[in-house]
Every structure is written in structure tokens, then in C-alpha cells.
Amino acid sequence: MSIHNAHLDGGLDDDDRTAAIERVVAEVEDDIRHGRVTDDMSLLLSQRLESAGISLAPAAIDELADAIETDVSL
């Protein structure tokens with residue numbers, strides 16, 4: 001998931017935080033591929049990250065959402 005790590009904002013020194021973000025990204029990608037995503041991608045990603053206890057700046061969430069959409073569409 002190196003494409004996604006490039007879009008994470010903040011000093012991610014904590015391996016657990018990085019792993020949690022990557023897990024959320026993988027789940028969102030899977031949901032997109034299976035047609036289960038109908039909400040705004042940034043809103044959905046923000047909600048799922050919040051549920052996982054992760055806080056990212058809105059701009060970082062938007063960038064990550066864009067990267068996910070691009071990655072899934074390839």
C-alpha cells in the first residue's frame with residue numbers, strides 16, 4: 001500500500017496508527033470494488049478513520065480518498 005502511505009498527513013511514527021489507517025483503506029477499497037460504497041468517499045473515509053480512533057486533517061483525508069479512488073479504478 002505504498003501509494004497510500006504517500007498521502008498520509010502528520011508524523012506517523014506509530015506503527016499501530018499506520019497499520020490502522022492501512023486496514024481502513026483496504027476495507028474501503030474492498031467495499032468500492034464490491035459496489036458497497038454509495039456515500040461521498042471523503043465522508044466515508046473520515047467516518048471509518050474516526051471509528052478506528054484515527055484523526056487526520058480534512059485535506060489529508062481528501063488526498064487519501066482521491067488516491068483510493070484512483071487506485072481502485074486502475
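Everything below is about the structure shown above.
Here is a short report on the structure shown in this document.

About the cut-offs
Residues numbered from 1 in each chain as written. Predicted model: local features only at pLDDT ≥ 70, side-chain atom pairs only at ≥ 80, totals over all residues. Heavy atoms only, no water. Salt bridge = Lys/Arg side-chain N within 4 Å of Asp/Glu carboxyl O. Buried < 20%, exposed > 50% of the residue type's maximum accessible area, 1.4 Å probe, protein only. Helix = DSSP H or I, 4+ residues; strand = E, 2+ residues; numbered from the N terminus. Contact = heavy atoms within 4.5 Å. Polar contact = N/O pair within 3.5 Å; in protein donor to acceptor, adjacent residues only side chain to side chain. Arc of directions from axis to C-beta. Axes fitted to C-alpha atoms, helices over the stretch in contact; angles between N-to-C directions. Parallel < 35°, antiparallel > 145°, perpendicular 65-115°, else oblique. Left-handed = near helix turned anticlockwise from the far one by under 90°. Nonpolar A, V, L, I, M, F, W, Y, C, P; charged D, E, K, R; others polar.

**Things to note about the pattern of salt bridges**
Moving on, step 1. Applying the stated criterion to the full structure yields 3 salt bridges.
Moving on, step 2. Arg36 is paired through a salt bridge with Asp30; the nearest N and O atoms lie 3.0 Å apart.
Moving on, step 3. Classification of Asp30 as partly exposed rests on a relative accessible area of 33%.
Moving on, step 4. With a closest N to O distance of 2.7 Å, Asp31 and Arg48 form a salt bridge. Taken as a pair, Asp31 in helix H2 (residues 15–33) and Arg48 in helix H3 (residues 41–51) lie far apart in primary sequence, 17 residues in all.
Moving on, step 5. Connected through salt bridges with shared partners, the residues Asp30, Asp31, Arg36 and Arg48 form a single ionic network.

**Here we look at the environment of Arg48**
Moving on, step 1. Since its relative accessible area comes to 25%, Arg48 is described here as partly exposed.
Moving on, step 2. Taking the C-alpha atoms as reference, Arg48 lies 6.7 Å from Val24; in sequence the two are 24 residues apart.
Moving on, step 3. Not counting residues up to four positions away in its chain, the partners in contact with Arg48 are Val24, Glu27, Val28 and Asp31.
Moving on, step 4. A polar atom in the side chain of Arg48 sits 2.7 Å from the side chain of Asp31.

**Considerations on H3**
Moving on, step 1. By the burial criterion, the buried members of H3 are Met41, Ser42, Leu44, Leu45 and Leu49. Around the axis of H3, the buried residues are gathered within 160° of arc, so they sit on the same side. Those residues of H3 that are exposed and angled more than 90 degrees off the buried face are Glu50 and Ser51.
Moving on, step 2. Turning to H3, the residues buried within the fold contact H2 and helix H4 (58–73).
Moving on, step 3. Between a side-chain oxygen at the N-terminus of H3 and the backbone nitrogen of Ser42 the separation is 3.2 Å; the capping residue is Asp40.
Moving on, step 4. Where H3 terminates, the next one or two residues include Gly53, which has phi positive at roughly 80°.

**Examining the packing of H3 against H4**
Moving on, step 1. Their axes nearest at 9 Å, the elements H3 and H4 cross at an angle of 110°. Overall, the two elements H3 and H4 adopt an arrangement that is roughly perpendicular. Of the two elements, H3 crosses H4, and the hand of that crossing is right-handed. For the pair formed by H3 and H4, the contact residues are Met41, Ser42, Leu45, Ser46 and Leu49 on the first element and Ile61, Asp62, Leu64, Ala65, Ile68 and Glu69 on the second.
Moving on, step 2. Counted by class, the contact of H3 with H4 contains 7 nonpolar, 2 polar and 2 charged residues.

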